[in-house]
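Letter by letter, the chains look like this.
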Amino acid sequence: MADVELIKSRLTAHPDFPKKGIVFLDIFPILRDPFVFETLVTHFVQHITSHTIGLSETEKVDVIVGLDARGFLFGPIIALRLGAAFVPVRKAGKLPGACISASYEKEYGTVRLTFIDSTLRKSTDVLVHKDSFEMQADAIKPGQTVVVIDDLIATGGSAKAAGELVAKQGGKTLEYLFVIELMFLQAASKLDAPVYSIVKSDD
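Scoring rules and cut-offs
- Residue indices begin from 1 for each chain and proceed along its sequence in written order.
- The predicted nature of this model means local features are confined to residues of pLDDT at least 70 and side-chain atom pairs, given and counted, to a pLDDT of 80 or more, with totals for whole chains, interfaces and linings taken over all residues.
- With hydrogens and water stripped out, all remaining heavy atoms of the structure feed into the side-chain values.
- For helices the rule is a DSSP run of H or I covering at least 4 residues; for strands it is a run of E covering at least 2, with both sets numbered from the N terminus onward.
- Exposure categories follow from relative accessible area, calculated using a 1.4 Å probe and restricted to protein chains: below 20% of the type maximum is buried, above 50% is exposed, and the middle band is partly exposed.
- Two residues qualify as a contact provided that any one of their heavy atoms is within 4.5 Å of a heavy atom in the partner residue.
- Any carboxyl oxygen of Asp or Glu that lies within 4 Å of a side-chain nitrogen of Lys or Arg is treated as forming a salt bridge with it.

Draft legend 1. Seen up close, unusual backbone geometry. For the peptide bond that leads from phenylalanine 17 to proline 18, omega is 5°, which places it in the cis range. Structurally, proline 18 can be placed in the loop between strand S1 (12-15) and strand S2 (23-26). Between aspartate 68 and the following residue, alanine 69, the backbone shows a cis peptide bond with an omega angle of 5°. With respect to the helices and strands, the residue alanine 69 is situated in the loop between strand S3 (63-67) and helix H4 (71-82). Notably, aspartate 16 is not glycine yet its phi reads approximately 60°, a positive angle. By secondary structure assignment, the location of aspartate 16 is in the loop between S1 and S2.

Draft legend 2. Inspection of the environment of histidine 47 at higher detail. Tracing the sequence through the fold places histidine 47 in helix H3 (residues 34-50). Residue classification places histidine 47 among the buried positions, given a relative accessible area of 12%. Taking the C-alpha atoms as reference points, histidine 47 and tyrosine 196, separated by 149 residues in sequence, lie 8.8 Å from one another. Residues in contact with histidine 47, not counting those within four places in the same chain, are Thr52, Glu175, Leu177 and Tyr196.

Draft legend 3. Structural context of the pattern of salt bridges. Per the counting criterion, the structure on display carries 5 salt bridges. A salt bridge links aspartate 33 to arginine 10; its shortest N-O distance comes to 3.6 Å. Highlighted residues: aspartate 33 in the loop between helix H2 (28-31) and H3 and arginine 10 in helix H1 (residues 2-10), separated in sequence by 23 residues. Under the relative-accessibility criterion, arginine 10 is labelled partly exposed at 30%. Lysine 60 is the partner of aspartate 62 in a salt bridge, and the nearest nitrogen-oxygen pair spans 3.3 Å.

Here you go:
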């Protein structure tokens, strides 16, 4: 499709970012070109109206959930086009009021913990890739239909956490939408609803 190729052509690869061995695909050049940005938003809206809505018994999407932070860039625009609410999912401690939380594996960062074996008295380093997401407790009403959106799905940990937050509020996730999907990580199998991505990367 011409629009997919146009969007793909604006992605910029940055080797060894945010750490060595990772090739980071930057979506910000898309946002610097209004025509390409409009193409991206229109592509998502067309997909939702022609496919995703068919997954809903009510034939509508009530809420677009955007993940911190790049899901905030186009999630609200898509929500407005659909006449849906926009709900942010943020890292712990960033939202006011009563919140619910879900933990997830970080896709790039690590937390190092040290354990002492009581028998051998040796220290062992264990890498734990954990963080947590929060959503305001009254953001989604039971029975509402939801689409979760972000720029990238890699390991799928953050998207899975967002889906858990939706489920905790009684919402139904219809689909997860991403600009880029790293196919070799097979993250879609971890989620509770189908995945749609515009650019599929095997690198």
